[in-house]
Amino acid sequence: MRIVAILSAIAAISAGIIVLLGYFVSIPPLPDLRLLLTDWAILIAGMAVLVGIYNLVAVQMEKIRTRQKGGAYGALLVLSLIITFGFGLLLGPEDPWMRLAVEAVIVPVEAALMAILAVTLIYASIRLFQRRMDVMSVLFLLAAVVFMLAIMPTPFGPIPGDWFILLVEGAIARGGARGLLIGIALGTLLTGLRVLFGMDRPYGGN
Amino acid sequence: MLQIGEKPTKKNTGELEPILPEWLRDVRQQARESAEENAAQEAAQPKVQKNEPPDLLAGLASQAGADDDAIPDWLAGINPATAAKPSESPAREPAPSMAQDDRLSLMGEPEDLSDVREEKDELSEWFSRASEQPGEPFTFEPGESQDDLDLMSNLDASAASLQQPAPPKEEEDLGWLHDLEASAKRSAEPSAPRQDLGSMPDNASSQPSSGGEDLSWLNNLGGISEPSQPFDQPQGKPVPAQPAAPQEDLSWLDNLGRTEPSQPTQPPAAQEDLSWLDNLGGTSELPQPEPARPSSDVPDSSSPILSPRRTAPLSEEAENESLPEWLKSATEEPSMPPLGAGALSWFASHDLDGNQPAATQESSASLSGEMPGLSEETPSPPFGQAQETGGSTPSSESLPASNQDVDALFSMDVPDWLSNPESGVSDVSLQGAEISPAEAGASLAPVELPSWVQAMRPVEAFISEAAAGTEDQAPEREGPLAGLRGVIPLLPIGSSRRPKALSLTLQATDEQQAGAALLEQILAGETAARPLVTSSSVASQNVLRWVLTGLVMVVLGAMIGLRSQSMPVSTALPVEVSAASNAIANIPEGAPVLVVVDYEPALAGELEAVSGPLLDNMVLLRHPNLSFLSTSPNGSALVERLVSNTKINGPAPEGLGYQPGVQYFNLGYLPGGSAGVLAFIQSPQTAIPAADVENFSQYAAVIVLTDHAESGRVWVEQLDARKQSDPALASQPLLMVASAQAGPLLQPYVSSRQVAGMISGLPDAARYESVNNVPPGIARTYWDAFGIGLLLAIILITFGSLWSLFTGIRLRRAGAE
Amino acid sequence: MSLDLLSAIFGLIFTLMVFSYLLGDNPLFRVAVYIFVGVSSGYAATVVWHYVLVPKLFEPLRDPNQLVILVIPLILCFSLLAKLTPRISWIGNFAMAVLVGVGAAAAIGGAVLGTLIPQVQAAIDAFDFRAAPSASDAFFGLLSGIVMLMGTVFTLGYFHFSAERAADGKIRRNRVFELIASIGRIFIAITFGVLFAGVYMSALTAMIERLGFVINFFRQFIGI
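What counts as what
Residues numbered from 1 in each chain as written. Chains lettered and ligands numbered in written order. Predicted model: local features only at pLDDT ≥ 70, side-chain atom pairs only at ≥ 80, totals over all residues. Heavy atoms only, no water. Contact = heavy atoms within 4.5 Å. Buried area = accessible area lost by both parts, 1.4 Å probe. Salt bridge = Lys/Arg side-chain N within 4 Å of Asp/Glu carboxyl O. Polar contact = N/O pair within 3.5 Å; in protein donor to acceptor, adjacent residues only side chain to side chain. Helix = DSSP H or I, 4+ residues; strand = E, 2+ residues; numbered from the N terminus. Nonpolar A, V, L, I, M, F, W, Y, C, P; charged D, E, K, R; others polar. Pairing = 2+ DSSP bridges. Axes fitted to C-alpha atoms, helices over the stretch in contact; angles between N-to-C directions. Buried < 20%, exposed > 50% of the residue type's maximum accessible area, 1.4 Å probe, protein only. Right-handed = clockwise from strand over helix to strand, strands pointing away. Parallel < 35°, antiparallel > 145°, perpendicular 65-115°, else oblique. Left-handed = near helix turned anticlockwise from the far one by under 90°. pLDDT = per-residue confidence, 0-100.

A.B. asks: Can you lay out the interface of chain A and chain B for me, pointing to particular residues and giving the numbers?
C.D. replies: Size of an interface: often given as the accessible area lost when the parts come together. At the junction of the two partners, chain A supplies 48 residues and chain B supplies 60 residues. Both sides of the chain A and chain B interface together cover about 4900 Å² of buried area, and 72% of this is carbon and sulfur. Summed over the shared surface of chain A and chain B, the number is 1 salt bridge. A salt bridge links A:Glu103 to B:Arg641; the shortest N-O distance between them is 3.1 Å. Connecting chain A to chain B are 8 residue pairs in polar contact (both at pLDDT 80 or more). Where the side of chain A that touches chain B is concerned, the elements lending two or more residues are helix H1 (2-24), helix H2 (30-65), helix H4 (96-126), helix H5 (128-131), helix H6 (135-151) and helix H7 (162-196) of chain A. When grouped by side-chain class, the residues that make up the side of chain A that touches chain B number 33 nonpolar, 6 polar and 9 charged.

Written as structure tokens, this is what we have:
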């Protein structure tokens, strides 16, 4: 399978170079080729979503077949998936019944999960100093509390000096956020170059 | 070459007379002369045939601590009269065992000197008696070889480490020993601790009477029948054994290597031990040692360091009546089995105190380093094994082996007859084999080895049990073992050549075992599963969580249920919010606007609350055509919910009356992440066929609704990269509506003006609502509860952190204590 | 029963089932979560099918002119199905390679042109006083710029983990970088504190939304 690995690497590198060149060069037929490749990427990504969902079903089916712990829950998952996908294939995502699935199941569950996070965050903040007591922890909690204090509405209006707090803390946070963004961009650049150079082959070329 | 399982062949000692060193020959001559004097005394004494292999160096052990006695103990012990005397020095130090150890180490055999040390050193007694006697010159027959002299010198060196006190000297004619010593001094390297062995001649000289008896065998060395001329006979004529008491005469040899001082009660055992000396060479009685003479008077050639060893008869004629009894034993079958043939078991089966089987004949051997008093028993076992038994009991069977070992020690060059391969296990009889000095020097004709020499051949003891007979094996034809047979024993088919079974049990002390057990416990503790947190700790955590949950639910529920809107909203808009407001105001009327719905259903409530004022304001002001797009599958399902909750599609007057497919379009799901965004920016209709615009620049504005910075970053990057190549996009504002968790990370893009404006979180939305006079929306509804929630969080976090801080300090102090 | 009521009822049920997790893990919570995953996955598959594959892949096949163009993406898309079988998963490597290559290139272009250069430029422009409308704005802009620059530099310096072995055998960073990292840690701690506050505000908003939903449901159910 070495020839397959080589061909895969050639495909990845060539497609990447064509798309990257399109950022800097607009010589025909480079833009068209770039558009073609990106369009293919959309299709492949969509297909990949379906493959991933099928894999989810296969894993749960295996759990059910082998009667592992949590197999009943897996059966519930597979059943709901099949019903939803079946109705979706037939009715389409815009059908009110499909919207029912969104309004009745997806949104409430996810929103509720996010809601209990509020209690969890308070609980974790209270126990932070029990687990770790250092300057960074104090700074972290202090910054969070001060920021919430500045943001918090009061019956008497905003607290005095909230603008200063927001200015200072905002400046510091922006500086840190910019550093983080630059760091993320550098990491993305490095990772992408490794893929284009063939050093990393996450597509199974190794 | 002695093969495994073979018995040493007997040799006629007399045949080896010519190759003896000169000093040894002198000693022998002297022995013969003195033997006549002692013949009568020995004849009167009972002879005890000892068939045990002589312990050649047993007497050396007793001589180690001897002082500068002229007569060596072994010579002193030869004299039966003196043997009865308590002539042994009381101090028998471990030196003999040390010397024995040296000899054993030289022979490469395991040592077991416990028996040696425990047993009576009878030879040392003999030595002590001999030391009291004036040293007598001991002349060997001509034909002594340099090898013999060297052997004697080596024996002297090894025995000198015994450092035993000199035994009581006995009056004995041991002048021949002086000759031995003198001759050894001439040719051999004189070693420092020679005094012990050097005292032998003195001992011999101090014990003329016993020495004369004891040295009678020397007359028979080389095959002489009369003490005066044992070695004048031609080769092949063994010297008849001296009839003198062989046992007591040979006791010194038994005491060789022993540490214990010879006790006065040892004479009978010494008599037994020395019997082999009587039999050596066929002499019936040991020659009387010559009177002790000063060592200076002793010629070098006749001053052996140690008494000469016995040699096996060189021919069958040695077995004739002319052979003294002590030499006869040398020609007999060895009482001990040959090496490798269960030799160890043989030793174990025999009583070391004296119940020895009949001595086997001793094969003729080189006369290098022949010791007086050697019995005729074949010294078949190696020196070390001989010492095991000889040291324990003055067995005559060990004596020949000792003598053999002494010969090996003395010989510097291995004569041809030693190096010639052995043909079979049989008594060696030199039929017609006459070795003349000239022949020995001129041509190295193969000669059958004496038994005691054959016994000295190293063999592998552990193979002995399963080794097949060497006579069944064909001799090797090529290689270094060409001509030899049985060097590599041929095991029967099916047998596995396994090494000696060794115990694999680790010999660990109690302390080491205790340490190993402790380490094992420690390791077991590391791998063992740790017990879970106690229920009290888990219960306290659950209680805290329940309290917090109840508190939050009650407080927020109350605020929501009361529908309170008492908390004022600040009208000071942040810069980015103001910029967003301005950007909305600048959107052309009825222009298409792209709204990217990139948030998850989890934060649908927040984003709907945050984006509602902006969208409402934009719809109210500019009536744009909204195109909703999502880069997540569930995002497309939130479009209707968004439009519904923001009352965009609500019927007027409550809503804005937007119709799907007319005023707003749901473009659906755009997969591929950044690649999909890039594709959509390049050509919207290519990426999304349902797109209502051909070029992306046709959108008047792009509004990204996101709950995570990653999605917003992708759109910012791709749009900004596209703007550099498409100037038409330069005036297209990019607005961000982000959740409170994504806002801080997207602020740098606002600072860099890549994002025209941003509304982040409920506070910004409430202010935007307040400033733009937008109908109260979700933001205002949530505002009071939001404020109370923040206040609750601040109070809980502050006081809870202080409480946990003190608790943690207390716990750490308790832990430190 | 209208769909809205049905939606509300189911919404309430599932909301309460998830809220039960605050009392502890229980089967109700697990049932709600597993059903959610199933429904969400099924809806995602529906969306992909209707919004991506059908309009972009299957419907164009009706047009013979576009058949030639769509052969390759058609093959690539269906080759991904081979990823489900380990034995023939290598067939899908080509499609994944195209996707990864295009995605990497897009990420590189966006990172360089969309973040690196503009953010660096923005850090420089913060000291451009010409754009400031007034002196006070310039002064505050300068202060803000200095703080942001310090935050940027020190935050990036914190993530510099190159170190060398000291004489005593311990691995330590350069002293200068160690100082920069220490200060950067302060900026990062404050930034994460602000982020934490933002996450709590988002969660608080979600909690308010859910509680409002429940309360409004009961209120409508009761008729208050």
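A.B. asks: Can you explain the sheet that holds strand E8 (residues 734-738) of chain B? Please cite residues and give values.
C.D. replies: Residue and element names in this part refer to chain B. The strand order across the open sheet formed by 6 strands is E6-E5-E4-E7-E8-E9, and the pairing between neighbours is parallel. One side of each edge strand has no neighbouring strand; the edge strands of this open sheet are strand E6 (664-669) and strand E9 (757-760). The average undirected angle you get between the axes of adjacent strands in this sheet is 15 degrees. Where strand E4 (residues 592-598) lies against strand E5 (residues 625-630), 5 bridges are found, and the strand directions are parallel. Bridge pairing in E5 places Val 595 opposite Phe 628.

A.B. asks: Talk me through the environment of C:Phe154; I want residue IDs and the actual numbers.
C.D. replies: Residue and element names in this part refer to chain C. Looking at the secondary structure, you find Phe 154 in helix H5 (residues 135-158). For Phe 154, a relative accessible area of 15% gives the class buried. Residues Phe 154 and Ile 183 lie 29 residues apart in sequence; the distance between their C-alpha atoms is 6.1 Å. When near neighbours in sequence (up to four residues on either side) are disregarded, Phe 154 contacts Ile 180, Ile 183, Gly 184 and Phe 187.

A.B. asks: Before we move on, can you summarise the interface of chain A and chain C with the specific residues and values?
C.D. replies: Contacts between the two partners involve 106 residues from chain A and, on the opposite side, 103 residues from chain C. Of the roughly 9400 Å² buried where chain A meets chain C, counting both sides, 85% is carbon and sulfur surface. On the surface where chain A and chain C come into contact, there are 1 salt bridge. In this structure, A:Asp39 engages C:Lys56 in a salt bridge whose closest nitrogen and oxygen atoms are separated by 2.4 Å. Taken together, the connections running from chain A to chain C amount to 7 residue pairs in polar contact (both at pLDDT 80 or more). Broken down by secondary-structure element, the contributors of at least two residues to the side of chain A that touches chain C are H1, H2, helix H3 (71-91), H4, H6 and H7 of chain A. Per-element tally for the side of chain A that touches chain C: the top contributor is H4(A), with 26 residues. Considering only residue class, the side of chain A that touches chain C consists of 79 nonpolar, 19 polar and 8 charged.

A.B. asks: Tell me about the pairing of E4(B), and please be specific about residues and values.
C.D. replies: All names here are of chain B. Across the 7 residues of E4, 7 count as buried, placing the element largely inside the fold. Of the two faces of E4, both are covered, the one formed by Pro 592, Leu 594, Val 596 and Asp 598 as well as the one formed by Val 593, Val 595 and Val 597. A crossover links E4 with its parallel partner E5, the connecting element being helix H28 (residues 604-622), and its sense is right-handed. In the sheet, E4 pairs with strand E7 (residues 701-706) via 6 bridges, with the strands oriented parallel. Looking at E7, one finds that Val 593 is bridged to Ala 701.

A.B. asks: With reference to specific residues and values, describe the pairing of E9(B).
C.D. replies: Burial of E9(B) is two-sided: the residues B:Gly757 and B:Ile759 facing one way and the residues B:Met758 and B:Ser760 facing the other way are all buried. Note that the unit made of E8(B), helix H33 (residues 743-751) of chain B and E9(B) has a crossover that is right-handed.

A.B. asks: I'd like a description of the packing of helix H32 (residues 709-725) of chain B against H33(B), backed by residues and values.
C.D. replies: Residue and element names in this part refer to chain B. Remark: H32 packs on H33, axes separated minimally by 9 Å, with the N-to-C direction vectors making an angle of 20 degrees. One element, H32, and the other, H33, form an angle in the roughly parallel class. Classified by chirality, the crossing of H33 by H32 is left-handed. Residues Ala 709, Gly 712, Arg 713, Val 716 and Glu 717 of H32 touch H33, and the partners they reach there are Leu 745, Leu 746 and Tyr 749.

A.B. asks: Describe the confidence of the model for chain C, and please don't skip the residues or the numbers.
C.D. replies: Mean pLDDT over chain C stands at 88; residues scoring 70 or higher make up 99%. The complex prediction reports pTM at 0.60, with the ipTM value standing at 0.93.

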